[in-house]
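Residues per chain, in single letters:
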Amino acid sequence: MRDLLWWTAVASGLSTASAVAIPSSSDREIRARDTCSGPAASSPTTYWLLEQDHTGNPRGYAPEVSNANYPVWRNVKDYSASADGSGDQTSSIQNAINDDGSNGSREGQGVTRYAAEVFLPGGTYQLGSTLNLRVGTIITGDPLNPPVLKAAPNFNGDTLINGFDGSNGQPETSFMTLLRNVVIDTTALSASTKITALQWGVAQGSGLTNVKIKMPTSSTGHTGININAGSTIAITDVDITGGAVGIKNSNQQVNFKNIYFRQCTTAFLASGGHTALLQGATFDTVGYGIDMTSNGLGSMVLLDSTSTNSGTVVKFHDSSNDGGGRNSQIIIQNLVHDNTNAIAVDSNNNVKLAATNKVDTWVWGNITPGQYVSGKSLTTSRPDVLLSNDKYFTRAQPTYAEYTSDQVVNVKDVSGHTVYGDGRTNDVESLNAILADNAANCKITYFPYGVYTIKDTLKIPVGSRIMGEAWAVISGTGDAFKDASNPKPVVQVGQTNDVGVIEIQDMRFSVGEILPGAIILEVNAAGTNPGDVALWNTIVTVGGTAETSIKDNCDNQDTSQCMAAFMMMHLTKSSSAYIENFWGWTADHNLDGGSSKTIISTGRGILVDAVKGTWLTGTGSEHNWLYNYNFNSAQNVYAGMLQSESPYMQGSGATQTAPAPWTAESSYGDPDFSWCAANDQKCRTSLATNVDGGKDILLYNSAAWAFFNGEWNGDYGTQCSGSCQTNMMRVTGSPENLVWYSVNTRKADVMILDGESNPTEYNHPGGWEAIIQGYRQFSS
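For every chain, the first residue of its written sequence is number 1, and the numbers climb from 1 along that sequence. Owing to the predicted nature of the model, reporting of local features is limited to residues with pLDDT of at least 70; listing and counting of side-chain atom pairs is limited to 80 or more, with chain, interface and lining totals taken over all residues. Water and hydrogen atoms play no part in the side-chain values, which are based on all heavy atoms of the structure.

As annotated in an unreviewed UniProt entry, the protein carries the name Rhamnogalacturonase A/B/Epimerase-like pectate lyase domain-containing protein and is attributed to Penicillium antarcticum.

Written out as structure tokens, the structure reads:
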């Protein structure tokens, strides 16, 4: 019974809120707010996505592929794959994944040019050898009848599914692969067989959600997910049964959200990596919950989790007496525990945290200022607005499987509103009309793959539910976005003070050319309930991709020549949004050919002015000029896993010195670097996170990395000598109840410039270079 309930809850991802009435100048917007409570749910027998027109004019279209008939959508059954559980279906499914539309393979052909969505109808697909996934691909199973990818009894290999695309370089460049709504099954193999169900050493922009893994119980050989290197951000809503190991992780940084471990010998094996957030984990009848005895992982946060009928929750290496860097630092917060087994023990089984029914906050590791604590109990004040059932609110990505195809509108198939998605034609007028009508008439909006050029703001009204195929692209171009002194949103999610439902998933937002006045994504709306306004598996890119001229026009060391966008994403004061697995990337290299290097300046990363409730669940913001994250008088914020990299061409020897070539705008809460000497380039570098005032800001697992400084020549093998920048983070304005757990940095001197203790990497060694496992200078 639980299996059925789990699939139903995760696959639907429903919000129960209905829209509320707010006056508007637009009749269509008024209708959306006053009358539209959502599409009409029913009990369909066929998934609506399968019933879309994938062969006619409304199909997905890849403008950068020379073959106009290139199939973005591919159903594995059209490639002779059988779902009856017989034979070996590996080659058929592999052909569906690899097909370039011209009797060749898209393998090694870049990330965004040959976009693909591969559909797996229900049934069992037996695999005799390893199935290799590709970058730029979404693998979608039918949520009404989740397909099973099952190892044959005579399976040949040590990995059933390989998510890492080796043709695109290292795991850290295996971008944009999404796997969802599938079951992976190794139960036909003996419990002692050395086999990995899924190798997931992938990079940013990738996603793994609504997946079940089934392995033999009492196993000594099976591993569910091996995250072998890579730099992904989020893995969400995964159910793992059996196996010697549920998840083996050595990724740089991951937010694991709502992972259910059942009957695993060891649920989570930390074999390496720098920081991991295990949020909403359930350990159900497992041996060990988390094994950190190898001392390979820098820091771990176990958050909002439950251990039931299980052994020790955490077994770890005690690094308190280690010289130099100290790994295996731990936070346990809001753990529910139901038996007398110890919660935390060291490698020698010495009890470090005894059994108790509930843990508020327990810290083992570096806390400010410059102390290492060997097990300290704390209290963390968490505002009620951020919580649901005493945990930080989360929401699964919806599939809309409860709706029939007549509840879905393809934007390329609307009479009277022609939409091209060809990367050239301005689609904004038609798209705005379609979005308004769909919101007013309670319809889901489907964007087949394409590059939808817009020369004015795309307005997404409340009542909108949007799903893209293979990360359909909205690309801003034109004079409307070129004035840095008068920035304008490319995509606007609701108007100021709007209240209602807006859902966006599997979309990518881009600038098609240099646009100094472009705020790529502006979120204004709030919901009646948490998560009514939400984004999942959504990407913002500036340069580096097939559809933009920036990839060809930005290689000058003077970044004033390529002020490509004003800001990536703005969560305005009136907004309240749930954002899961968001990647914002100012390109440091090109993903689809072009110049071997690219030198781009995006003014700002993610600006949070919101006060009503914000949830950032697994996000990344990279290479932005003034900051990657800025919490500006924000209130009621939860953020789990804030991954960032500093721009490669800042610091000593840079051609431009921050804030130049940009102007620090006080109206946007910009840091102006006035705390630095005018010519101190090492000090005048992008802040990974800036916190200026505000209240009730709770941040977990910052992964803030610096690698290079001065002029950027594309040489990844030569990093800056010593530290690249003076300050990695900054706190100012005396925030009230700022709590920051597991701050991880590299190649900076001061980890957090706060005017009080200014904690340094030197005094907090661990992880890649430094860890503050508990920063509570401003906690309540």
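Novice: What's the story with the state of the cysteines in this structure? I'm lost.
Specialist: In a disulfide, the sulfur atoms of two cysteines are covalently bonded to one another. A pair of cysteine sulfur atoms is labelled a disulfide when the two atoms are within 2.5 Å. Summed over all chains, the structure comprises three disulfides. Residue Cys554 pairs covalently with Cys562 via a disulfide, S to S 2.0 Å. Here Cys554 and Cys562 share a disulfide; its torsion about the S-S bond, 80°, makes the bridge right-handed. When sorted by exposure, Cys554 lands in the same class as Cys562, which is buried. A sulfur-sulfur separation of 1.9 Å characterises the disulfide bridge that pairs Cys676 with Cys683. Its S-S torsion of approximately -65° makes the covalent link between Cys676 and Cys683 left-handed. The pair formed by Cys676 and Cys683 is uniform in burial state, with each residue classed as buried. For the exposure calls, accessible area comes from a 1.4 Å probe over protein chains only, and a residue counts as buried if that area is under 20% of its type's maximum, exposed if over 50%, partly exposed in between.

Novice: Any chance you could explain the nonpolar core here in plain terms?
Specialist: The nonpolar side chains of a soluble globular protein tend to be buried, and buried together. What we call a nonpolar core is a set of buried Ala, Val, Leu, Ile, Met, Phe, Trp, Tyr and Cys residues that are connected through their side-chain atoms within 4.5 Å. The biggest cluster of nonpolar side chains holds 136 residues, and the ones touching the most others in it are Phe631 and Trp740. For helices the rule is a DSSP run of H or I covering at least 4 residues; for strands it is a run of E covering at least 2, with both sets numbered from the N terminus onward. For this core, the leading source of residues is strand S36 (residues 563–571), giving eight residues. Should any heavy atoms of two residues lie within 4.5 Å, those residues are considered in contact. Look past the residues within four positions of Trp740 in its chain and what remains in contact with it is Thr689, Val691, Leu699, Ser702, Met729, Val731, Ile752, Gln773, Gly774 and Tyr775. By size, the runner-up hydrophobic cluster in this structure holds 69 residues, among which are Ala81, Trp200, Leu297 and Phe316.

Novice: How should I be thinking about the sheet that holds strand S30 (residues 458–460) in this particular structure?
Specialist: To summarise the sheet geometry, strands pair through backbone hydrogen bonds and adopt either a parallel or an antiparallel arrangement. Any two strands are treated as partners once DSSP identifies two or more bridges connecting them. As summarised here, the arrangement of the nine strands in space is S30-S32-S34-S36-S38-S40-S42-S44-S46, forming an open sheet in which the pairing is parallel. What marks the edges here is a single partner per strand, and that holds for S30 and strand S46 (748–753). The mean angle between the axes of side-by-side strands here comes to 15°, regardless of whether they run parallel or antiparallel. Note that strand S38 (residues 601–608) and strand S40 (residues 627–632) share three bridges and pair parallel. Opposite Ile606, over in S40, you have Tyr629 as the bridge partner. Between N-to-C directions, angles cover 0 to 180 degrees, with each direction set by a line fitted to C-alpha atoms, over the stretch in contact for helices.

Novice: I keep staring at the UniProt feature "domain: Rhamnogalacturonase A/B/Epimerase-like pectate lyase" (unreviewed entry) in the protein and nothing clicks. Help me out?
Specialist: UniProt positions are given in the numbering used here, feature names are shortened, and annotations may be inferred rather than shown by experiment. Those places that UniProt annotates as "domain: Rhamnogalacturonase A/B/Epimerase-like pectate lyase" (unreviewed entry) correspond, in this numbering, to residues 73–291 and 409–479. Helix makes up 4% of residues 73–291 and strand 48%, and the two end C-alpha atoms of the span are 41 Å apart. Annotated as residues 409–479, this span is 18% helix and 44% strand, and its ends, taken at the C-alpha atoms, are 30 Å apart.

Novice: Where do I start with the packing of aromatic side chains in this structure?
Specialist: Each aromatic ring pair is described using two quantities: the centre-to-centre distance and the angle formed by the ring planes. Between 30 and 60 degrees the pair is tilted, below 30 it is stacked and above 60 it is edge-to-face, where a pair is any two Phe, Tyr or Trp rings, Trp via its six-membered ring, whose centres lie within 6.5 Å. Enumeration over the complete set of coordinates arrives at 35 aromatic pairs. Considering the side-chain rings of Tyr638 and Tyr700, the 5.6 Å spacing of their centres and the 45° angle between planes classify their relative orientation as tilted. Remark: Tyr700 occurs in strand S43 (residues 695–705) and Tyr638 occurs in strand S41 (residues 635–645); sequence separation between them is 62 residues. Both residues of the pair, Tyr638 and Tyr700, belong to the buried class. Taken together, the aromatic side chains of Tyr648, Trp705, Phe707, Phe708, Trp712, Tyr716 and Trp768 make up a single cluster linked through ring pairs. Lying over the aromatic face of Phe566, Arg604 brings its terminal NZ or CZ to 3.8 Å of the ring centre. For a Lys NZ or an Arg CZ to count as sitting over a ring, it must be within 6 Å of the ring centre and within 35 degrees of the ring normal. Directly above the aromatic system of Trp768 lies the positively charged group of Arg746, at a separation of 4.5 Å from the ring centroid.

Novice: Help me out: how do you make sense of the side chain of Asp185 in this one?
Specialist: Topologically, Asp185 is positioned in strand S6 (residues 177–185). Buried Asp185, no salt bridge; nearest opposite-charge side chain is Lys150, N-O distance 4.2 Å. A polar atom in the side chain of Asp185 sits 2.5 Å from the side chain of Thr187. Asp185 has contacts with Val148, Leu149, Lys150, Ala151, Leu160 and Lys214, leaving out every residue within four places of it along the chain. Counting rule for charge: Lys and Arg are taken as positive, Asp and Glu as negative, and neither His nor the chain ends is counted. Any carboxyl oxygen of Asp or Glu that lies within 4 Å of a side-chain nitrogen of Lys or Arg is treated as forming a salt bridge with it. Pairing of N or O atoms within 3.5 Å defines a polar contact, subject to two protein rules: one partner must be a possible hydrogen donor and the other a possible acceptor, and residues neighboring in sequence count only if both atoms are side-chain atoms.

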